[in-house]
Amino acid sequence: MKSLFRDLPRAMGQGVVECLLFFPILYIPMAYLFSQSYMIVWLIVLIFGYAGGFAASRLFRLNTYFKLAFWACVIGVLVSMSLFGLSLALFVAVPSFITAFYRGGRMEHISWYTLFPGHYYLIGLIAYGGSSFVLSFAPSFDPYFSILTVAGALALIVTLFIVNRNSVEEQSIPGSEGPVIERRVLQQNRGMIVALLLIIGVIVLIPQLQQWLSALGKMIASWFAGLFNSTPEVHEPPRENLPEVGNLPFSEEAASPPAWMEFIEQLALYVFYVIVTVLILFLLYRFARSLPNLLRKISVWMNRLMSRSPNNEALLGYVDEETEIEHEKAIHRFKRLLNRVRGSESSERNGEPDHNAARIRKLYRKILIRKIQQGYQWNKSRTPRETGQDLKAWGKAEEPMSEKFIHLYEQARYGHRTITDEEMQDSLKELKHQ
Amino acid sequence: MGAYWILLVAAVVLLVQAGLFRRFALRKLTYNRAFKVSTCFEGESLELIEVIENRKLLPVPWLRVESQFRMGIIFRGQRNLDISEGQYNQNHKSFFSLQPWTKIVRRHDVTAAERGVYRLGTVSMTSGDLISYHKVVRSFPLDGKLVVYPEPLDISEMSLPVQTWMGDMIVKRWIVEDPFLRSGTREYLDGDPLNNINWKATARSGSLQVHRRDATADYRIKLYLNIEDHELMWSKATRPEPVEYGIRLAAGIASHLLSQGMELGLGSNGSMEEATEFIDIPVSGGNEQLELIYESLAKLELSRILSFHDYLEQELHRLDGNHDILVLSTYMNDRLQSMLDRFKEEGHRVQVTILQEPGLKRKVAAI
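Residues numbered from 1 in each chain as written. Chains lettered and ligands numbered in written order. Predicted model: local features only at pLDDT ≥ 70, side-chain atom pairs only at ≥ 80, totals over all residues. Heavy atoms only, no water.

A tally of regular secondary structure across chain A gives 16 helices and 1 strand. Residues counted as buried form 35% of the 434 residues belonging to chain A. Restricting to contacts in chain A with at least 6 residues of sequence separation, those with at least 24 account for 72%. By element, 65% of the accessible surface of chain A is carried by carbon and sulfur atoms, the whole surface being about 27200 Å². (Helix = DSSP H or I, 4+ residues; strand = E, 2+ residues; numbered from the N terminus. Buried < 20%, exposed > 50% of the residue type's maximum accessible area, 1.4 Å probe, protein only. Contact = heavy atoms within 4.5 Å. Areas by Shrake-Rupley, 256 points an atom, 1.4 Å probe, with all protein chains shown as cover.)

Structure below.
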């Protein structure tokens, strides 16, 4: 009995997922045959139908198809009739309850992953897509359409999480004793699914976002226009004092703003869109980066809260050390890109002595970054000379930086000496030869 | 906006991520694995270290690294393994998920249960997208191996003839005396160097006494190991226990004798790993010789190239000089006996140890 109470929430959860995935099949007839209040009640009854089937199957050993189907039919008819009496709603209520009870009963005997395989998710989502597309042309369904959309979004979220989990477990090629996957792998996958859902959400909401942004942009533009406009604000005259539109002479129509102003307004709007898009992308990136840490912390906190020990990692038989590889941050790359753009604009200044020192430093940085990307473990505390020797010892670099180049770099970096064009050209030639 | 729009966008995003991971998941991904030590003895624990680096901005949702090892090394987490049906190999897999610019060092606890050479071999990496719509596989070979030496049996308490081969053997006549061997004192003779005078003995006797030195000769021992588990063995040993015992015994004897400063060689009619030649290690001494013997014993396969009789016949013609021969064999019959008699006739001293199941009493037969 104790184990039954422990397993019932699982059966109900699985029932919720099944109902959510096949919600359109249930919901569309319900929308026409049920009253609004009964819909929610019936959905709750269905979830309990799963639990009832599961419990009955365990307690009364309903282990054959016939026994389970018989009891599902009996209970389905009784429950439906007690709720709806003799009405058209029975056409939906009876089959749906029988299905819920039957499947709940089967969950006791068969793994849910077998009972509800991967392609069922696809079928469920196709049902959502097809039904919502067709019903978007049916005005009679308009009051119920938003619920279908929300349920579709929830079904997608649930599907992505479950399919990802199943695929990770499947790819780990579990043995006979079931998959043993490190918690970190699951957390990172969940984090990536969340990031994916955020991207989907942003794209889906683009039309709305565009409207909001457009309104915001116009508000800011008008605020700026008001700020720079020295003329006092002209209040709109009361509506009743205005002459009728039909009586206005043609010449007194409000003059449209000049074309250049419209162009500037459009340009400002586009710039605004671009800035906001970059900002959103940057925030998404930052969020995706911090998400695993956040999830880890939440997981640790939850485990502590529930006094749960770390799961079966002892069975894995290994210890992991995870470290971050030294690399150039995205923001630095962006800055470098900007610098490069600026550099190309002022390429005529290349001959200046200060610029040579900067170029030597840039070259050194570039070589080092390339080596780091190839796998070299750079130690920050090493001097350029030590780094050069370390690179030689590393082996994969065939004389990446000569003594002469390092000497020149040291002078450019620490000596504040002006680097002549000849020295610059020599070092460039030497590097090209290598 | 309807559910169809959300699902359409989701489908496109999922396809894009599938393509992205298909194209870039294994890019700038470096993987290496090595045993922490290159050699160890049977029963010792060691570490298998995997190092994986994701040197790019794109994370890797999942990555499976698979390889095959010979049976004989035991991973602590046996659920990490699939043992193939043949019982000769085991499939090892590691499962990772990598963040951008992340390095993972994974240390597996491993026990070397059986002697042998365990090569890292070919590793195949499989990765894919978040819903496993696409998968990409890359295989590459890895260098490196672990040589597991047989566990040398402690022979100090065994009644084996090797106990008698302690130190140098004194010979009656030789050209140069052994400067380290003092057998007593004698009267001073003309030509004896002054540093050879034993002053205490001189004081006791009242006449000049010098150290008496003897000439010595080293034992030259050749150990022959028969890998046939019975007389009528065809190609492979079907009862490997006594032969494995013999291999451990040979390792113990080699360790014992070479540590005493003696010289030892090894021969066997078994084949070496990936070779069609016998083990033939000439008689020599020192630590290098011991390592060579250990390694050869580690590589020894339980399949014969020649019957032990024929092998010994071949050896009889090859062996130069007189040797002390120790034969480790699971059986002895008339043919072998007559062959060993021929060794004796050639001036060699021959001793035979019959190998039986470990734990049973060992019979030592001296001929």
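After that view of the structure, there is still more to cover.
A few words on the overall build of chain B. Looking only at helices and strands, chain B has 6 helices and 22 strands in total. Taking the intrachain contacts of chain B between residues at least 6 apart in sequence as the baseline, contacts between residues at least 24 apart amount to 74%. Only carbon and sulfur atoms are counted for the fraction: they give 51% of the accessible area of chain B, which is about 17900 Å².

To continue, consider the interface of chain A and chain B. Often the size quoted for an interface is simply the accessible area lost on bringing the parts together. Taken together, the contact pairs 58 residues of chain A with 46 residues of chain B. The junction of chain A with chain B conceals about 4800 Å² of combined surface from both sides, 62% of it contributed by carbon and sulfur atoms. Taken as a group, Q171, M192 and I325 of chain A account for 14% of the area that chain A buries against chain B, more than any other trio of residues on that side. Linking chain A with chain B are 3 salt bridges. The shortest N-O distance in the salt bridge between D320 of chain A and R106 of chain B comes to 2.7 Å. Inspection of the chain A/chain B interface yields 18 residue pairs in polar contact (both at pLDDT 80 or more). (Buried area = accessible area lost by both parts, 1.4 Å probe. Salt bridge = Lys/Arg side-chain N within 4 Å of Asp/Glu carboxyl O. Polar contact = N/O pair within 3.5 Å; in protein donor to acceptor, adjacent residues only side chain to side chain.)

Let's shift gears to the nonpolar core. Within the largest apolar cluster, 98 residues are counted, with the highest numbers of intra-cluster contacts made by F34, W42 and F141 of chain A together with Y31, L63 and I73 of chain B. If we skip the residues at most four places from it in the chain, W42 of chain A touches M30, F34, V79, S80, L83, F84, A93, S96 and F97 of chain A. Judged by nonpolar contacts, the second largest core, of 37 residues, contains A250, A251, I279 and L300 of chain B. (Core = buried A, V, L, I, M, F, W, Y, C linked by side-chain atoms within 4.5 Å.)

Residues F133, V134, F137 and L205 of chain A together with M1, Y4, W5 and L8 of chain B make up a contiguous nonpolar surface patch of about 790 Å² in total accessible area. When residues in the nonpolar patch are grouped by element, the largest group, 3 residues, is from helix α1 (residues 3-24) of chain B. Structurally, L205 of chain A can be placed in the loop between α9 (183-204) and α10 (206-228). Under the relative-accessibility criterion, L205 of chain A is labelled partly exposed at 36%. (Patch = residues over 30% accessible without salt bridge, like charges linked within 9 Å, V, L, I, M, F, W, Y side chains within 5 Å.)

Residues that lie three or four places apart on an α-helix share one face, since the helix turns once every 3.6 residues. Residues and elements named next belong to chain B. Taking 1.5 Å per residue as the helical rise, helix α3 (residues 240-259) with its 20 residues ought to reach 28 Å, and the 28 Å between its terminal C-alpha atoms agrees with that figure. The element α3 is largely enclosed, with a buried count of 15 among its 20 residues. Immediately downstream of α3, the backbone of G261 shows phi near 85°, a positive value. (Expected span 1.5 Å × (residues − 1).)

Let's shift gears to the packing of helix α5 (residues 308-318) of chain B against helix α6 (residues 334-345) of chain B. Residue and element names in this part refer to chain B. Orientation of α5 relative to α6, taken along the N-to-C sense of each, is 10°, at an axis distance of 10 Å. One way to sum up the angle between α5 and α6 is to call them roughly parallel. Taking contact as the criterion, the partners of F308, H309, D310, L312, E313, E315, L316 and H317 in α5 are, on α6, R335, L336, M339, L340, R342 and F343. (Axes fitted to C-alpha atoms, helices over the stretch in contact; angles between N-to-C directions. Parallel < 35°, antiparallel > 145°, perpendicular 65-115°, else oblique.)

Right, let's get into the pattern of salt bridges. This model, assessed by the stated rule, comprises 30 salt bridges over all chains. A salt bridge links R349 of chain B to D324 of chain B, with the nearest nitrogen and oxygen atoms 2.6 Å apart. Of the two residues, R349 of chain B sits in strand β21 (residues 349-354) while D324 of chain B sits in strand β20 (residues 324-329), which places them 25 residues apart along the sequence. Salt bridges sharing partners connect three or more residues here, namely E182, R184, D320 and E322 of chain A together with R106 of chain B.

A few words on the pairing of β20 of chain B. Residues and elements named next belong to chain B. Across the 6 residues of β20, 6 count as buried, placing the element largely inside the fold. Both faces of β20 are covered, namely the face carrying D324, L326 and L328 and the face carrying I325, V327 and S329. Relative to β20, strand β15 (residues 220-225) runs parallel, the two being bridged by 5 bridges. Across the sheet, L225 pairs through a bridge with L328, a residue of β20. In terms of strand pairing, β20 meets β21 through 6 bridges, oriented parallel. Bridging across to β21, V327 finds its partner in V352. Once you follow β20 into α6 and on to β21, the crossover reads as right-handed. (Pairing = 2+ DSSP bridges. Right-handed = clockwise from strand over helix to strand, strands pointing away.)

Residues and elements named next belong to chain A. Along the chain, G217 falls in helix α10. Distance from G217 to V271, taken between C-alpha atoms, is 9.9 Å for residues 54 residues apart in sequence. Leave out the neighbours within four places in its chain, and G217 touches L269 and F272.

Right, let's talk about the confidence of the model for chain B for a bit. All names here are of chain B. Summary statistics for chain B give a mean pLDDT of 84 and a share of 86% for residues scoring 70 or more. Put simply, strand β22 (residues 363-366) is where chain B has its lowest mean pLDDT, 40, and strand β2 (residues 39-41) is where it has its highest, 95. Note that residues 360-367 has pLDDT below 50 and, in this model, 20 contacts with residues that lie over four places away or in other chains. Model confidence for the complex is summarised by a pTM of 0.69, with the ipTM given as 0.72. (pLDDT = per-residue confidence, 0-100.)

Turning our eyes to something else, we now look at the packing of aromatic side chains. Applying the stated criterion to the full structure yields 32 aromatic pairs over all chains. Centre to centre, the rings of F133 of chain A and F137 of chain A are 5.4 Å apart; their planes meet at 90°, and the pair counts as edge-to-face. For F137 of chain A, a relative accessible area of 60% puts it in the exposed group. Judged by centre distance (5.9 Å) and plane angle (80°), the rings of Y224 of chain B and Y311 of chain B are edge-to-face. Taken together, the residues span a long stretch of sequence, with Y224 of chain B in strand β15 and Y311 of chain B in helix α5 at a distance of 87 residues. Under the relative-accessibility criterion, Y311 of chain B is labelled buried at 1%. (Phe/Tyr/Trp six-rings, centres within 6.5 Å; stacked < 30°, edge-to-face > 60°.)

Bringing unusual backbone geometry into the picture now. Residues and elements named next belong to chain B. Here the phi dihedral of K28 falls at roughly 50°; this positive angle occurs in a residue that is not glycine. Structurally, the position occupied by K28 is in the loop between α1 and β1 (29-35). The class of K28 is partly exposed, set by a relative accessible area of 49%. With phi around 50°, W101 is a residue other than glycine that occupies positive phi space. Residue placement: W101 occurs in the loop between β7 (89-98) and β8 (102-112).

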